[in-house]
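# Results of the structural survey
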Amino acid sequence: MLLYRSHRVALLVPLSGLIASDFLLLLQWTSYQSSTLLLILAEAVFGLCGGYVSILSSCFAYASVKHEADEQGRSVSIARLEGSIGLGAVVGLLLCSQLGSVLSYHHFFLFFLAVHVICLILVVLMEDLRPAAASRRPRESLWKESFQFLSKSGSIKRPLLILLIAFFACFFAFIGSSHIILYYLKHRFAMSITTFSIYRAAEKALSTATALFLFPYLRRTMGVGNVALAAVLDKDLETVSVEEVWKEWCICEHRKLQGMSTRAAAKAWTAIAWSEAALFATLIPEAFARFAASALRSLMAAQVRPDEQGRLFSFVGLLEAACNLLAVVFFHTLFPWSLSYMSAMSFVVMAALLVPPILLLRCHRDVIESTSAVGSEDDSEKQMMASFDGSKA
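Residues numbered from 1 in each chain as written. Predicted model: local features only at pLDDT ≥ 70, side-chain atom pairs only at ≥ 80, totals over all residues. Heavy atoms only, no water.

## A closer look at the overall build of the chain
Heads up, the condition is: To qualify as a helix, a DSSP run of H or I must reach at least 4 residues; to qualify as a strand, a run of E must reach at least 2; elements of each kind are numbered from the N terminus. When accessible area is computed with a 1.4 Å probe and restricted to protein chains, residues below 20% of their type maximum are described as buried, those above 50% as exposed, and intermediate ones as partly exposed. Working rule for contacts: check all heavy atoms of both residues, and any pair within 4.5 Å makes them a contact. Only the protein chains shown count as cover for residues, with accessible areas throughout obtained via the Shrake-Rupley method and a probe of 1.4 Å.
The secondary structure content of the chain amounts to 18 helices and two strands. For the chain, buried positions account for 47% of its 393 residues. Pairs at least 24 apart in sequence give 77% of the contacts found in the chain among residues at least 6 apart. Carbon and sulfur atoms make up 68% of the accessible area of the chain, which totals about 19500 Å².

## Focus: the pattern of salt bridges
Quick reminder of the rule: Note on definitions: salt bridges are taken to be side-chain nitrogens of Lys or Arg within 4 Å of carboxyl oxygens of Asp or Glu.
Inspection of every chain in the model, using the stated rule, returns six salt bridges. Between glutamate 203 and arginine 200 there is a salt bridge whose closest N-O contact spans 3.4 Å. Of this pair, glutamate 203 and arginine 200 both sit in helix H8 (residues 193-221), three residues apart, which is roughly one turn of that helix. For the pair shown, glutamate 203 and arginine 200 are each scored as buried. Among the charged side chains, a network of salt bridges with common partners joins Glu82, Arg290, Arg297 and Glu320.

## Thoughts on the nonpolar core
Rules: Throughout, nonpolar core names a set of buried Ala, Val, Leu, Ile, Met, Phe, Trp, Tyr and Cys residues whose side chains join them through atoms within 4.5 Å.
By size, the foremost hydrophobic cluster in this structure holds 54 residues, and its most contacted members are Leu164, Phe167, Leu185, Met260, Met300, Leu354 and Leu361. Contributing elements (two or more residues each) for this core: helix H3 (51-66), helix H7 (158-189), H8, helix H11 (260-272), helix H12 (276-279), helix H14 (289-301), helix H15 (309-338) and helix H16 (345-363). Counting residues per element, this core draws most heavily on H7, which supplies 17 residues. Discounting residues that sit within four places of it in the chain, leucine 354 has contacts with Ala169, Cys170, Ala173, Met260, Arg263 and Ala264.

## Describing the packing of aromatic side chains
Here is the rule we go by: Two rings from Phe, Tyr or Trp (for Trp, the six-membered ring) form a pair when their centres sit within 6.5 Å of each other. Planes less than 30 degrees apart are called stacked, planes more than 60 degrees apart edge-to-face, and all others tilted. Here, a charge over a ring means that NZ of Lys or CZ of Arg falls within 6 Å of the ring centre while also lying within 35 degrees of the ring normal.
Taken as a whole, this structure holds 15 aromatic pairs when the rule is applied. Ring geometry for phenylalanine 172 against phenylalanine 331: centres 5.3 Å apart, planes inclined by 40°, an arrangement best described as tilted. Taken as a pair, phenylalanine 172 in helix H7 and phenylalanine 331 in helix H15 lie far apart in primary sequence, 159 residues in all. When its relative accessible area of 0% is taken as the criterion, phenylalanine 331 is described as buried. A network of ring pairs unites the aromatic residues Phe168, Phe172, Phe330 and Phe331 as a single cluster. Arginine 297 extends its terminal NZ or CZ atom over the ring of phenylalanine 60, reaching a point 4.0 Å from the ring centre.

## Details of H11
For clarity, the threshold we go by: Multiplying 1.5 Å by the residue count of a helix minus one yields the expected span of that helix.
The terminal C-alpha atoms of H11, which comprises 13 residues, lie 19 Å apart, in line with the 18 Å expected from a rise of 1.5 Å per residue. Among all positions in H11, only Met260, Ser261, Thr262, Arg263, Ala264, Ala266, Lys267, Thr270 and Ala271 are buried.

## Comments concerning the environment of arginine 365
Note that arginine 365 resides in helix H17 (residues 365-372). For arginine 365, a relative accessible area of 9% puts it in the buried group. Sequence separation between arginine 365 and proline 159 is 206 residues, and the spatial gap between their C-alpha atoms is 9.0 Å.

## Thoughts on the packing of H7 against H15
Relative orientation and spacing of two packed helices are given, respectively, by the angle between their axes and the distance between those axes. Counted only if it meets this: A fitted line through C-alpha atoms serves as each axis, taken over the contacting stretch for helices, and the angle formed by two N-to-C directions is quoted from 0 to 180°. For classification, angles of less than 35 degrees are called roughly parallel, those exceeding 145 degrees roughly antiparallel, those between 65 and 115 degrees roughly perpendicular, and all remaining angles oblique. Should the near helix be turned counterclockwise from the far one by less than a right angle, the crossing is left-handed, whereas a clockwise turn marks it as right-handed. Only Asp, Glu, Lys and Arg are considered charged, only Ala, Val, Leu, Ile, Met, Phe, Trp, Tyr, Cys and Pro nonpolar, and every remaining residue, Gly among them, polar.
H15 packs onto H7 with a crossing angle of 40° between their chain directions and a minimal axis gap of 8 Å. Relative to H15, the element H7 lies oblique. With respect to the hand of their crossing, H7 and H15 are arranged in right-handed fashion. Residue classes in the contact of H7 with H15 are distributed as 21 nonpolar, four polar and one charged.

## Quick notes on the packing of H7 against H8
Between H7 and H8, the shortest axis-to-axis distance is 11 Å and the interhelical angle comes to 140°. On the basis of the axis angle, H7 is oblique to H8. Viewed along their axes, H7 and H8 form a crossing whose handedness is right-handed. Facing H7, whose interface residues are Ser178, Ile181, Leu182 and Leu185, H8 presents Ile193, Phe196, Tyr199 and Arg200.

Shown next, in the form of structure tokens:
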């Protein structure tokens, strides 16, 4: 519950655990006689301090609270965080693959330690955000307090539940594909590791670039809504200028696919691709894959109060961990079982899983956007009461 008091402290705790873990790894490497239990201890220390789930959830919560009064700014900040995660994955993969044969493990540990210390210093220097005293509710039981953001007046928030279902389906398909894509492509096309590396690097680079640059442009400059970016636009656009023509092309081409729709299209195309060259066509829809996560996170943040942002994104982090575990079991069971008659079945299932949440977002778009527009249901009630009092006066 550290985010209840300070967003800076909520980041400092897991980062301190990460640095302590780095020291334990260095100690284990420098002393060959030391027990391998130090490796387990290093992971345990980091895990007890919150792990990467706490770091990422705290970062998203900070970006959301920082722009709580600006919905477009919040969307853009979350998209840039998503893009930064992808950029870090690409840069880290390139560095480790190129320097792995030159440097030893302790050089990497020292480099990671230096990077983590710099991150710690940056967090200390950044502006601290604390929930306003007026927005805090009386402390209740830990269990009830942890999941209080899900309900309103004793009933589940329907828009937030829809968004969580959509996020679960989107991440489940993404992580499932990550687990089996190499085995599938080697089985289907006898693809080499070199070709696979080029394919994955291009996919990550394109999705990172669109999250960092195209998403902010569409959201802030073109005014495209979060629901449209997350799933699909359900109305035609009037092109009255060159910018509107560009906007229509970005959104309405390829059957008006965006976010989850592009991910579903990519999985379906992966299932029917007949050659390696045809497979590379999936890079086009996969380039928009990060739109869904960025827009959904922003929409979810708009459903809760500022002091509940940390709980929300911690819950989303737990949801991602659950998706990871379930996807490992489900797809590593389905894929070998289906090899004898339909090796692409896993990707058909992934595409099918994304259809219900896309329809849910489309059917409930007005409800989601109306609650998101005011930041939270509490704020909506305050605005309604203020307008009522003003009309009486």
